[in-house]
Amino acid sequence: QVQLIESGGGLVQTGGSLRLSCAASGRTFSTDAMGWFRQAPGKEREIVASIRWDGSAAYAYYADSVKGRFTISRDNAKNTAFLQMSALKPEDTAVYYCAANSGPRTGYNYWGQGTQVTVSS
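Residues numbered from 1 in each chain as written. Predicted model: local features only at pLDDT ≥ 70, side-chain atom pairs only at ≥ 80, totals over all residues. Heavy atoms only, no water.

K.L.:
Would you take a moment to explain the sheet that holds strand β8 (residues 80–85) for this structure?
P.N.:
As a general point, the strands of a sheet are linked pairwise by backbone hydrogen bonds and lie either parallel or antiparallel. One open sheet accounts for four strands, arranged β1-β3-β8-β7; its pairing is antiparallel. Lying at the two open borders of the sheet, with one neighbouring strand each, are β1 (2–7) and β7 (70–75). Pairs of neighbouring strands in the sheet enclose a mean axial angle of 15°, with direction left out of account. In this structure, β7 lies alongside β8, joined through six bridges in antiparallel fashion. Opposite Ser73, over in β8, you have Phe82 as the bridge partner. (Pairing = 2+ DSSP bridges. Helix = DSSP H or I, 4+ residues; strand = E, 2+ residues; numbered from the N terminus. Axes fitted to C-alpha atoms, helices over the stretch in contact; angles between N-to-C directions.)

K.L.:
Would you mind going over the side chain of Thr31 with me for this structure?
P.N.:
If you trace the backbone, Thr31 turns up in the loop between β3 (18–26) and β4 (33–39). By relative accessible area, which is 9% here, Thr31 ends up buried. (Buried < 20%, exposed > 50% of the residue type's maximum accessible area, 1.4 Å probe, protein only.)

K.L.:
I keep staring at the environment of Phe29 and nothing clicks. Help me out?
P.N.:
With respect to the helices and strands, Phe29 occurs in the loop between β3 and β4. Sequence separation between Phe29 and Val2 is 27 residues; the distance between their C-alpha atoms is 9.5 Å.

K.L.:
Would you mind going over the packing of aromatic side chains with me for this structure?
P.N.:
Any aromatic ring pair is given by two values, namely how distant the centres are and how the planes are angled relative to each other. Evaluation of the coordinates by the stated rule reveals two aromatic pairs. On the basis of an interplanar angle of 80° and a centroid distance of 5.5 Å, the ring pair of Phe37 and Tyr108 is categorised as edge-to-face. Pair noted here: Phe37 is in strand β4 and Tyr108 is in strand β10 (residues 108–111), with a separation of 71 residues, a long-range link. Assessed through its relative accessible area of 26%, Tyr108 is described here as partly exposed. Measuring from centroid to centroid gives 5.0 Å for Phe37 and Trp111, while their planes differ by 55°, and the two rings are tilted. Of the two residues, Phe37 is situated in strand β4 and Trp111 in strand β10; the sequence distance between them amounts to 74 residues. What makes Phe37 buried here is its relative accessible area of 9%. Accessibility expressed as a relative area gives 32% for Trp111, which makes it partly exposed. Among the aromatic residues, those joined into a cluster by ring pairs are Phe37, Tyr108 and Trp111. (Phe/Tyr/Trp six-rings, centres within 6.5 Å; stacked < 30°, edge-to-face > 60°.)

K.L.:
I'm lost on unusual backbone geometry in this one. Help?
P.N.:
If you check the backbone angles, Asn79 has positive phi at about 50° while not being a glycine. Looking at where Asn79 falls in the secondary structure, it is placed in the loop between β7 and β8. Residue classification places Asn79 among the partly exposed positions, given a relative accessible area of 25%. Of note in the backbone geometry, Arg105 takes a positive phi value of approximately 70° without being a glycine. With respect to the helices and strands, the residue Arg105 is situated in the loop between β9 (94–101) and β10. Residue Arg105 is classed as exposed on the basis of its relative accessible area of 88%.

This is the structure in structure tokens:
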């Protein structure tokens, strides 16, 4: 069992930056991927970024809508994932969710509570 706690959401102006954090606890020994998703009102949940590691390397992926603006990273020592969000746009307004898998070849089956990000124009 893995528990995820998100933080860092808030209100920011267009062009501003926010850094989201996702702290993982519990039985994280087998987790090898974490991701950030978002859901805006009237929209389907979409993946924003993900990071996967195999012990010697890490692989990051980004949605086209955030490439060049967002960066995902992970601090292995602290079991924490981050999403650095820059050049924010009103279209980025959504509830952002952190997710983690339970081991290699598994889907994202652990989820955080979500944190609201609002970008004002």
